[in-house]
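Spelled out, the chains give:
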Amino acid sequence: GQNIDQPTEMTATEGAIVQINCTYQTSGFNGLFWYQQHAGEAPTFLSYNVLDGLEEKGRFSSFLSRSKGYSYLLLKELQMKDSASYLCAPIINAGKSTFGDGTTLTVKP
Amino acid sequence: ETGVTQTPRHLVMGMTNKKSLKCEQHLGHNAMYWYKQSAKKPLELMFVYSLEERVENNSVPSRFSPECPNSSHLFLHLHTLQPEDSALYLCASSLTLTQGGNTIYFGEGSWLTVV
């Protein structure tokens, strides 16, 4: 994606914690989404950050630092069903989300 | 039920065919999108409509032609496609353009195979 950087792949163990980082370089920044996408399925919304700090939602948390152009998605108590692609999507250019290439997370028993 | 419905779910077409993908959203949203997702590639934004007007066209070949007759419906007309156009085509909608955190809701996608 346009100046959006995420790791391509990550592997973690069931029950563990994993952090997926995203850095971006944009102008007209207006918030950032994280989406989850299972293979062969449409993306689904996970979180939205517009202010600096941590947003917690159950096992998933998302952090944003606007000054650093940095966000991360934190997944706790990993489950096998969390194996999916995680897409970082900053909102740029008058409200049009641009998606990163995604991070493929594999959760192993 | 996501509120965004796409038909057909699967489509196989020859390179000389003309077909259309249809998207309908039941969420009262004013912005609609077409995305393309090829195998192991990131989502590519193709077209954006806001209040039935096209606001984005990301250098998409003219063999793809969008149509938005009203805020609830979006079409993607396909003509003389190439095999490399085979992909998952995702329709999405949001309340307005995604400023202010308006979530994008995706349809289940239309799998297109060009033979």
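Everything discussed here concerns the structure shown above.
About the criteria used
- Residues numbered from 1 in each chain as written.
- Chains lettered and ligands numbered in written order.
- Predicted model: local features only at pLDDT ≥ 70, side-chain atom pairs only at ≥ 80, totals over all residues.
- Heavy atoms only, no water.
- Helix = DSSP H or I, 4+ residues; strand = E, 2+ residues; numbered from the N terminus.
- Rg over C-alpha atoms; globule rule 2.2 N^0.38 Å.
- Buried < 20%, exposed > 50% of the residue type's maximum accessible area, 1.4 Å probe, protein only.
- Contact = heavy atoms within 4.5 Å.
- Areas by Shrake-Rupley, 256 points an atom, 1.4 Å probe, with all protein chains shown as cover.
- Pairing = 2+ DSSP bridges.
- Axes fitted to C-alpha atoms, helices over the stretch in contact; angles between N-to-C directions.
- Core = buried A, V, L, I, M, F, W, Y, C linked by side-chain atoms within 4.5 Å.
- Polar contact = N/O pair within 3.5 Å; in protein donor to acceptor, adjacent residues only side chain to side chain.
- Disulfide = S-S within 2.5 Å.

Enquirer: Mind showing me how you'd approach the overall build of chain B here?
Expert: Across its full length, chain B holds zero helices and eleven strands. Ordered by position from N to C terminus, the α and β elements of chain B give β-β-β-β-β-β-β-β-β-β-β. Taken over C-alpha atoms, the radius of gyration comes to 13 Å for chain B, in line with the 13 Å a tight globule of 115 residues would show. Taken over the C-alpha atoms alone, chain B extends approximately 40 × 25 × 25 Å along its principal axes. Across the 115 residues that make up chain B, the buried fraction comes to 49%. Long-range pairs, those at least 24 residues apart, make up 54% of the contacts in chain B with a sequence separation of at least 6. Summed over its atoms, the accessible surface of chain B is roughly 5,400 Å², and 49% of this surface lies on carbon and sulfur atoms.

Enquirer: Honestly, the sheet that holds strand S8 (residues 73-79) of chain B in this entry has me stumped. Any pointers?
Expert: Adjacent strands of a sheet form backbone hydrogen bonds with each other and so pair up, either parallel or antiparallel. All names here are of chain B. Pairing within the open sheet is antiparallel, and its four strands lie in the order S1-S3-S8-S7. The open sheet has two edge strands with one neighbour each: strand S1 (4-7) and strand S7 (64-70). The average undirected angle you get between the axes of adjacent strands in this sheet is 20 degrees. As paired strands, S7 and S8 are joined by five bridges and run antiparallel to one another. Each residue of the ladder has a partner; that of Glu-67, found in S8, is Phe-75.

Enquirer: Before we go on, may I ask you to explain the environment of Ile104(B) in this structure?
Expert: Residue and element names in this part refer to chain B. Mapped onto the elements of the fold, Ile-104 is located in the loop between strand S9 (87-94) and strand S10 (105-106). When its relative accessible area of 1% is taken as the criterion, Ile-104 is described as buried. Along the sequence, Ile-104 and Cys-91 sit 13 residues apart, while their C-alpha atoms lie 9.8 Å from each other.

Enquirer: What's the story with the nonpolar core in this structure? I'm lost.
Expert: Soluble globular proteins: nonpolar side chains tend toward being buried together. Ranked by size, the top nonpolar core spans 22 residues in total, and within it Trp34(B), Phe64(B), Leu76(B) and Leu78(B) carry the most contacts. Put simply, the parts of the chain that give this core at least two residues each are strand S2 (10-13), strand S3 (18-25), strand S4 (31-37), strand S5 (44-50), S7, S8, S9 and strand S11 (110-114) of chain B. Discounting chain neighbours no more than four positions away, the residues touching Phe64(B) are Met46(B), Phe47(B), Leu76(B), His77(B), Leu78(B), Leu81(B), Asp85(B) and Tyr89(B). Of all hydrophobic cores here, the second largest spans 20 residues; its members include Tyr35(A), Ile91(A), Ala31(B) and Leu90(B).

Enquirer: Where do I start with the side chain of Asn49(A) in this structure?
Expert: All names here are of chain A. One can find Asn-49 in strand S5 (residues 44-49). We classify Asn-49 as buried; its relative accessible area is 0%. Side chain to side chain, Asn-49 and Ser-62 meet in a polar contact 2.5 Å long. Beyond its immediate sequence surroundings of up to four residues, Asn-49 is in contact with Gly-31, Leu-32, Glu-55, Ser-62, Phe-63 and Leu-64.

Enquirer: Explain the sheet that holds strand S1 (residues 4-5) of chain A here, please?
Expert: Residues and elements named next belong to chain A. In space, the five strands of this open sheet follow the order S1-S3-S8-S7-S6, with antiparallel pairing throughout. Of all the strands in the sheet, the pair left with one neighbour each is S1 and strand S6 (53-57). Looking at chain direction, strand S7 (residues 60-65) and strand S8 (residues 70-75) are connected through six bridges and run antiparallel. For Leu-64, the partnering residue across the bridge sits in S8 and is Ser-71.

Enquirer: Whenever I open this one, the state of the cysteines confuses me. Can you help?
Expert: Note on terminology: a disulfide is the covalent bond linking the sulfur atoms of two cysteines. Considering all chains together, one arrives at two disulfides over all chains under this definition. A sulfur-sulfur distance of 2.0 Å marks the disulfide that ties Cys22(A) to Cys88(A). Here Cys22(A) and Cys88(A) share a disulfide; its torsion about the S-S bond, -70 degrees, makes the bridge left-handed. Here Cys22(A) is found in strand S3 (residues 18-24), whereas its partner Cys88(A) is found in strand S9 (residues 84-92), with 66 residues between them in sequence. The residues Cys22(A) and Cys88(A) share a single accessibility class, namely buried. Across a sulfur-sulfur distance of 1.9 Å, Cys23(B) and Cys91(B) are joined as a disulfide pair. Across the S-S bond linking Cys23(B) and Cys91(B), the dihedral sits near -75 degrees, which makes this disulfide left-handed. One end of the pair, Cys23(B), is in strand S3; the other, Cys91(B), is in strand S9, and 68 residues separate them in sequence. There is no disulfide at Cys68(B), and the cysteine sulfur nearest it, in Cys91(B), is 9.1 Å away. Taking the relative accessible area as the measure of exposure, Cys68(B) reaches 11% and is therefore buried.

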